[in-house]
Amino acid sequence: MIGILGAGLAGLSTAYHLKNRDYIIFEKDSHPGGLCKSFLIKGYTFDYAPHIFFTRNEYVKSLVNNLLGDNIATKIRKAFIYIYGTHVEYPFEANLAGLPQNVIDECISGAMRAKENPREYHNFYEWIVNVLGEGVGKHYMIPYNQKIWKYDLKKMDYHWIAGRVPSPNIEEMKKGASGIQDKAFGPNATFSYPIKGGIGAIPNSFVPHIKNLKCNAEVINIRVRKNEIIISIRENEKKKEYKFEKIFSSIPLPELFKIIEDVPNDILKLSRKLVHNSLLFAAIGVDRLNITDKHWLYFPEKDYIFHRLSFPMNLSEKTTPPKKSSIMIEVTFPMNDTINIEKSKELIHSGLINANLIKEKDTLEVFYTEIVKYAYVIYDLDHKKNVPKILEYLTANNIIPVGRFAQWEYINMDKTILNAKNQVEKFS
Ligand SMILES: Cc1cc2nc3c(=O)[nH]c(=O)nc-3n(C[C@H](O)[C@H](O)[C@H](O)COP(=O)(O)OP(=O)(O)OC[C@H]3O[C@@H](n4cnc5c(N)ncnc54)[C@H](O)[C@@H]3O)c2cc1C
């Protein structure tokens, strides 16, 4: 018998790929889906944090398409950066037209110097300046990344960036600066989104294909014995024990190490060094049609508390009641910090007005907030050294990590689904 801890996409994909093996999934929440859940409030469907689905992996693409059947639509990205009072199409470097001329000149000349004079880099800050150039760094990449990570960019590694940031060449930058960009960049230039049910339709589509899912079942203790693992569950207020030959865990590592007994000190110490950030997520329903036609907007400037806004009504019109608009807002903050929710709501409201998205007189039918404790894994300079040691300890004890905060990687839904499949094939 196998235990699966957590029914986010990683736990669900583990169960799906274990096929007819015997397993039980324990989920502390009342519903499966984890970070990919959606919720309905006053007729608006929101995701807990804004999600779109995209992948370069053919297996995951066809799995998700098959699971969702006709409940998925493909979209061509309409994403922009709101900067210097104008909308620059994403990616910034490839679409400089419309920015002040001195900004365009600094971005292009900086990128040229970086290409002509390649310099070594040892951290994320240096990677930005030495690879993308000083201008792109100063005007966009440094302020935006400071805002989203809430961590010193000079203390961050750069390996995670490969394949994530589009990298137009100088000719392509010049073309974009003249307003004649005809190329789409980056892995999410086209993406998919469920027609009904928000992003939560993806985890929900796994549920009919799995068995033994226990919700409201929180894992509160794990004891590793020679040939078995004993776990204690708080299930509907009652404590129960289960024995497994092996468990697949998607519980965030810092939480997992609070409940495993007898962990060696060196591993515990490493687990306490893991860095992540947290998120204040807000969802707004506006009683007005078409506040924008865009899918999402990035905000690098300090004047705005949020770093990104997404618009569910443009991802699928079925997320939003007729003649209304909807906004999802992200504000990150450092791990172990707190954030003043009321003050943040005021700053969100005034920021939306200043960015000309809503008007003072607009009725906000919904203004919901939620804290997401684990939002982004931060690749500090010790990530590469410490994380493999932690994961090795777990697998040696038949606790197989699956998912974003159990494998401690900045992975999206596609990699989460795929990694769980790979872990099942390797360890079951
Ligand atoms: C702000 C944000 C935006 C994102 N945007 C995108 C996007 O646009 N596209 C994309 O592809 N990906 C996106 N992602 C990534 C995506 O959310 C993750 O890759 C994926 O959801 C990770 O799934 P998981 O199962 O590993 O983790 P989770 O979803 O966190 O699942 C873990 C589960 O374990 C449960 N659990 C925890 N502790 C216990 C316990 N003690 N007992 C029982 N159960 C427990 C939790 O309740 C949860 O259900 C985004 C993530 C964030 C934070």
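Since we're looking at a predicted model, the values are computed, not measured. (Residues numbered from 1 in each chain as written. Predicted model: local features only at pLDDT ≥ 70, side-chain atom pairs only at ≥ 80, totals over all residues. Heavy atoms only, no water.)

**A word on the packing of helix H2 (residues 58-68) against helix H13 (residues 413-427)**
Part 1: At their nearest, the axes of H2 and H13 sit 10 Å apart, and the two run at 105° to each other. Our classification of the angle between H2 and H13 gives roughly perpendicular. Facing Tyr 59, Val 60, Leu 63 and Val 64 of H2, the residues of H13 in contact are Asp 414, Ile 417, Leu 418 and Lys 421.
Part 2: For the contact of H2 with H13, the class distribution of residues is 6 nonpolar, no polar and 2 charged. (Axes fitted to C-alpha atoms, helices over the stretch in contact; angles between N-to-C directions. Helix = DSSP H or I, 4+ residues; strand = E, 2+ residues; numbered from the N terminus. Parallel < 35°, antiparallel > 145°, perpendicular 65-115°, else oblique. Contact = heavy atoms within 4.5 Å. Nonpolar A, V, L, I, M, F, W, Y, C, P; charged D, E, K, R; others polar.)

**Details of the packing of aromatic side chains**
Any two aromatic rings considered together are summarised by their centre-to-centre distance and by the angle between their planes.
Part 1: Going through the model one piece at a time under the given rule, you end up with 31 aromatic pairs.
Part 2: For the pair Trp 149 and Tyr 376, a centre-to-centre distance of 5.7 Å together with 70° between the ring planes defines the contact as edge-to-face. Pair noted here: Trp 149 is in helix H5 (residues 134-149) and Tyr 376 is in strand S18 (residues 364-378), with a separation of 227 residues, a long-range link.
Part 3: For Trp 149, a relative accessible area of 2% corresponds to the buried category.
Part 4: Cluster of aromatic residues (ring-pair linked, three or more members): Phe 124, Trp 127, Trp 149, Trp 160, Tyr 376, Tyr 379 and Tyr 410.
Part 5: Lying across the ring of Tyr 48, Lys 37 places its NZ or CZ 5.6 Å from the centre. (Phe/Tyr/Trp six-rings, centres within 6.5 Å; stacked < 30°, edge-to-face > 60°. Buried < 20%, exposed > 50% of the residue type's maximum accessible area, 1.4 Å probe, protein only. Lys NZ or Arg CZ within 6 Å of the ring centre and 35° of its normal.)

**Considerations on the domain arrangement of the protein chain**
Part 1: If you check the domain split of the protein chain, you get domain 1 (2-36 + 200-273 + 383-427), domain 2 (38-77 + 188-198 + 275-379) and domain 3 (92-183).
Part 2: For the pair domain 2 and domain 3, the summed buried surface comes to about 1,400 Å²; carbon and sulfur atoms form 63% of the total.
Part 3: Per-residue buried area on domain 2 facing domain 3 is highest for Pro 300, Ile 378 and Tyr 379; these three make up 42% of the total on that side.
Part 4: Linking domain 2 with domain 3 are 0 salt bridges. (Domains from an automatic or database assignment. Buried area = accessible area lost by both parts, 1.4 Å probe. Salt bridge = Lys/Arg side-chain N within 4 Å of Asp/Glu carboxyl O.)

**Brief notes about unusual backbone geometry**
Part 1: Cis geometry is adopted by the peptide bond preceding Pro 91, which originates at Tyr 90 and carries an omega value of 0°.
Part 2: The topology assignment puts Pro 91 in the loop between strand S7 (86-89) and helix H3 (101-116).
Part 3: We note that Asn 216 has phi near 55°; this positive angle belongs to a residue other than glycine.
Part 4: Within the element layout of this structure, Asn 216 appears in the loop between strand S9 (213-214) and strand S10 (217-224).
Part 5: The phi angle at Asn 398 is positive, at roughly 65°, despite the residue not being glycine.
Part 6: With respect to the helices and strands, the residue Asn 398 is situated in the loop between helix H12 (383-396) and strand S19 (399-401).

**As for the pairing of S7**
Part 1: Bridge analysis of strand S6 (residues 79-83) against S7 gives 4 bridges, and the strand direction is antiparallel. The residue of S7 that forms the bridge with Tyr 82 is His 87.
Part 2: Counting the residues that bridge the hairpin from S6 to S7 gives 2 residues, and of these Tyr 84 lies at a positive phi of roughly 45°. (Pairing = 2+ DSSP bridges.)

**So, the side chain of Ser 205**
Part 1: For Ser 205, the location among the structural elements is in helix H7 (residues 201-206).
Part 2: If we ignore the near neighbours within four places in the chain, the residues touching Ser 205 are Leu 67 and Leu 68.

**Topic: the sheet that holds S10**
Part 1: Spatial strand order, S10-S11-S12: 3 strands in an open sheet with antiparallel pairing. Because the sheet does not close on itself, it has two edges, and the strands there are S10 and strand S12 (238-244). With direction set aside, neighbouring strand axes in the sheet form an average angle of 25°.

**Considerations on the sheet that holds strand S13 (residues 246-249)**
Part 1: Ordered in space as S9-S2-S1-S13-S19, the 5 strands form an open sheet in which the pairing is parallel. If you trace the sheet from one side to the other, it starts and ends with S9 and S19, each paired once.
Part 2: The sheet contact formed by S13 and S19 spans 3 bridges and is parallel. Within S19, the position partnered with Phe 248 by the bridge is Ile 400.
Part 3: Contacts from helix H1 (residues 9-18) reach strand S1 (2-5), strand S2 (23-26) and S13 within the one sheet, and its direction differs from that of S1 by about 155°.

**Looking at the site of the ligand**
Part 1: Inspection of the region around the ligand gives 30 residues, with Glu 27, Leu 35, His 51, Ile 52 and Ile 411 positioned closest.
Part 2: Here an oxygen atom of the ligand and a backbone polar atom of Ala 10 are 2.9 Å apart.
Part 3: Within the backbone of Pro 50, an N or O atom sits 3.1 Å from a nitrogen atom of the ligand.
Part 4: Here the ligand, which alone exposes 1,000 Å², has 93% of that area covered by the protein.
Part 5: Residue assignment for the shell around the ligand shows that the elements contributing at least two residues are H1, S10, S18 and H13.
Part 6: In terms of residues, the shell around the ligand owes the most to one element, S10, which gives 3 residues.
Part 7: Tallied by class, the residues present in the shell around the ligand amount to 16 nonpolar, 8 polar and 6 charged.
Part 8: When residues of the shell around the ligand are assigned to domains, at least three fall in each of domain 1 (2-36 + 200-273 + 383-427) and domain 2 (38-77 + 188-198 + 275-379). (Near = heavy atom within 4 Å. Polar contact = N/O pair within 3.5 Å; in protein donor to acceptor, adjacent residues only side chain to side chain. Areas by Shrake-Rupley, 256 points an atom, 1.4 Å probe, with all protein chains shown as cover.)

**What to know about the pattern of salt bridges**
Part 1: Summed over all chains, the structure comprises 22 salt bridges.
Part 2: Salt-bridge contacts for Asp 29 lead to Lys 37; the nearest nitrogen and oxygen are separated by 2.7 Å.
Part 3: A relative accessible area of 14% places Lys 37 in the buried class.
Part 4: Two residues, Glu 218 and Arg 234, come together in a salt bridge whose shortest N-O distance is 3.1 Å. On the criterion of sequence distance, the pair formed by Glu 218 in strand S10 and Arg 234 in strand S11 (residues 229-235) is long-range, its members being 16 residues apart.
Part 5: In this structure Arg 234 comes out as partly exposed when scored by relative accessible area, which is 38%.

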